[in-house]
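Chain and residue survey
What follows is each chain in one-letter form.
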Amino acid sequence: MTASAPSLAIVVKGWPRLSETFIAQELVALEEAGLPFEIWSLRHPTDVKRHPLHDRLQARVRYLPEYLRDEPERVATALDAAREMPEFAAAEAAFRADLARDDTPNRRRRWGQACVMAHEAPDALRGIYAHFLHTPSSVARYAAILLGLPWSFSAHAKDIWTSPEWELREKLSDASHGAQFGATCTAFGADHLNGLANGTPVDLVYHGLDLARFPAPPKRELRQPNDPFVMLSVGRLVEKKGFDRLIAALTLLPADLNWRWIHIGGGALQDQMRQLAHDHGVHDRIDWRGPCDQPEVIAAMRAADLFVLPSRVAQDGDRDGLPNVLMEAASQKLAILSTPVSAIPEFIDTEMHGVLSLDSPDALATEMRRFAYDPALGATMANAAFARLTKEFLMAPGIGQLAVRLRAMLAGSTP
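Fair warning: this is a prediction, and the values are worked out from it, not measured in the lab.

Time to look at the nonpolar core. Ranked by size, the top nonpolar core spans 60 residues in total, and within it M231, L232, W261, F307 and M368 carry the most contacts. Ignoring any residue separated from it by four or fewer positions in sequence, one finds M231 in contact with L250, L253, W259, R260, W261, I262, L306, V308 and M368. Counting 45 residues, the second-largest nonpolar core is a separate cluster that includes A143, A144, W151 and L168.

What follows is the structure, given as structure tokens:
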């Protein structure tokens, strides 16, 4: 072990990441609330840009071996050291039990990363907190067992809905070195996880927004009939975001409607979506902007007429939780069209704070036409969403709740 350092380690998939602004917001807020920590990242960054939030964080970032073969000496040294730790047998038993049900390179990599973390952890370490309940929490759990320390997690969306039930149950059970506590950002997810738990309480902690990071909403004038109708989407190009159905919906809009669609974000389906737009003959009305930083996203929101996020449940069960980008759109009084998937209705009551549509192209096109031909409809709903955001979905209450939990974990007590 190394010399003195903060008593909390936070495990993340990668740092920094443009698509995980909610994590950056939380970590900056915890640090500014007086809770010191170090970040342990499973992966190196791949994004070219950074959000201003990333530059505010002062915590040290440690990178674990992304692939064990890339740092064989570091991994071998850590494995040898881990075998001498008092709790090695218990940690290895937990790993072997998981491996028997999930013998994959990813599982073996988690064990190797956990051994490196345990070996290189500072003497001052008193607890581990992981963002996401799948891979990062596996690393946190194995490392915590090796070190005889408590661990905790924040769960989000894919990690809840695509992880096998046996693994979720064990991470939520006192009998199998489960987490001391968990947090998740939706009531929908909290209810599901608490139904699986046996000793691990899972708190509802909305991410909310720190409005100090955002400009006041613009003074919007009602769009005139001949003005372009500008729609904006921000999200990764993956199945659960539903952008294939949105592109199909665009082909159903009236020929005389002067519309444009702006998309911000990267993703594995980028080439496929662009080809789909070309095949449908709407590519010349689409502006693919790729990954953007926060100021660029907000500028696009302030200039748009409608925010569209057609989320759906993917074939593997993956789905959104409560996307923070919806609250960001509300912060700029941008009208919202989305779908009633997962926890989205926890923020948007349809026809009050926005419209939640079926995710079929026909249904989406119908609602887009409504907003296009009735500008006052969007303005009324956008004002209501902004009011709800400022009353019920600010960041501070959740950060206070989470800080209490983390400090209690580090102190070895229950809040």
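Attention now goes to the pattern of salt bridges. One pass over the full model with this rule turns up 32 salt bridges. For R101, the salt bridge identified is with E170, shortest N-O distance 2.8 Å. You can see R101 sitting in helix α4 (residues 88–101) and its partner E170 sitting in helix α8 (residues 165–171), a full 69 residues away along the chain. You can call R101 partly exposed: its relative accessible area is 37%. Across the pair E167 and R110 runs a salt bridge whose closest N-O atoms are separated by 3.4 Å.

On to the packing of helix α10 (residues 243–250) against helix α11 (residues 270–280). Put simply, α10 and α11 touch, their axes get as near as 10 Å, and they point 15° apart. With respect to α11, the element α10 is oriented roughly parallel. Pair α10 / α11 crosses with right-handed handedness. Together, F243, D244, I247 and A248 of α10 and M273, L276, A277 and H280 of α11 make up the contact between the two elements. Residue classes in the contact of α10 with α11 are distributed as 6 nonpolar, 1 polar and 1 charged.

Our focus in this paragraph is the sheet that holds strand β5 (residues 151–155). Within a sheet, each strand pairs with its neighbour through backbone hydrogen bonds, oriented either parallel or antiparallel. If you walk across this open sheet you meet the 7 strands as β3-β2-β1-β4-β5-β6-β7, and the pairing is parallel. Taken across any chain shown, the strands that pair with only one partner, and hence form the sheet edges, are β3 (61–63) and β7 (202–204). Mean inter-strand twist for the sheet, computed between neighbouring axes without regard to direction, equals 25°. Bridging between strand β4 (residues 127–131) and β5 involves 4 bridges; their strand directions are parallel.

Read across the open sheet, the 6 strands follow the order β10-β9-β8-β11-β12-β13; overall the sheet is parallel. The sheet terminates laterally at β10 (286–290) and β13 (355–356), the two strands that pair on one side only. Where strand β8 (residues 229–234) and strand β11 (residues 306–309) come together, 2 bridges link them in parallel fashion. Bridging across to β11, M231 finds its partner in L306. On the sheet, helix α12 (residues 294–303) packs against β8, β9 (259–264), β10 and β11 and is oriented at approximately 150° with respect to β8. Sheet strands in contact with helix α13 (residues 324–331) are β8, β11 and β12 (336–338), and its direction is about 175° off that of β11.

Another aspect to go through is the packing of aromatic side chains. The final tally for this structure, using the stated rule, is 11 aromatic pairs. For the pair W261 and W288, a centre-to-centre distance of 5.5 Å together with 75° between the ring planes defines the contact as edge-to-face. Highlighted residues: W261 in strand β9 and W288 in strand β10, separated in sequence by 27 residues. Accessibility classification places W261 together with W288 in one group, the buried group. The rings of F88, F95, W111 and Y142 are connected pair by pair, giving a single aromatic cluster. Sitting over the ring of F132, K13 keeps its end group 4.3 Å from the ring centre. Over the ring of Y67 we find R69; its NZ or CZ atom is 4.8 Å from the centre of that ring.

Burial of β5 is extensive: 5 of the 5 residues sit out of reach of the surface. Residues W151, F153 and A155 line one face of β5 and the alternating positions S152 and S154 line the opposite face, and both faces are buried. The handedness of the β4 to β5 crossover, carried by helix α6 (residues 135–147), is right-handed.

Time to look at α12. Each turn of an α-helix holds 3.6 residues, which means side chains three or four residues apart point in the same direction. For α12, the full list of buried residues reads Q294, V297, I298, A300 and M301. End-on view of α12: buried residues confined to an arc of 160°, all on one side of the axis.

Quick look at the pairing of strand β1 (residues 8–14) now. Counting buried positions along β1 gives 7 out of 7 residues, so the element sits mostly inside the fold. Relative to β4, β1 runs parallel, the two being bridged by 4 bridges. Counted as the bridge partner of A9 is I128 from β4. Pairing of β1 with strand β2 (residues 38–43), which is carried by 5 bridges, proceeds in the parallel orientation.

Attention now moves to the packing of α4 against helix α5 (residues 105–120). For the pair α4 and α5, interaxial distance at closest approach is 10 Å and the crossing angle is 170°. Relative to α5, the element α4 lies roughly antiparallel. Judged by the twist between their axes, the crossing of α4 over α5 is right-handed. On α5, the residues touching F88, A91, E92, F95, D98 and L99 of α4 are R107, R108 and W111. In terms of residue class, the contact of α4 with α5 is built from 5 nonpolar, no polar and 4 charged.

Thresholds applied
- Residues numbered from 1 in each chain as written.
- Predicted model: local features only at pLDDT ≥ 70, side-chain atom pairs only at ≥ 80, totals over all residues.
- Heavy atoms only, no water.
- Core = buried A, V, L, I, M, F, W, Y, C linked by side-chain atoms within 4.5 Å.
- Buried < 20%, exposed > 50% of the residue type's maximum accessible area, 1.4 Å probe, protein only.
- Contact = heavy atoms within 4.5 Å.
- Salt bridge = Lys/Arg side-chain N within 4 Å of Asp/Glu carboxyl O.
- Helix = DSSP H or I, 4+ residues; strand = E, 2+ residues; numbered from the N terminus.
- Axes fitted to C-alpha atoms, helices over the stretch in contact; angles between N-to-C directions.
- Parallel < 35°, antiparallel > 145°, perpendicular 65-115°, else oblique.
- Left-handed = near helix turned anticlockwise from the far one by under 90°.
- Nonpolar A, V, L, I, M, F, W, Y, C, P; charged D, E, K, R; others polar.
- Pairing = 2+ DSSP bridges.
- Phe/Tyr/Trp six-rings, centres within 6.5 Å; stacked < 30°, edge-to-face > 60°.
- Lys NZ or Arg CZ within 6 Å of the ring centre and 35° of its normal.
- Right-handed = clockwise from strand over helix to strand, strands pointing away.
- Arc of directions from axis to C-beta.

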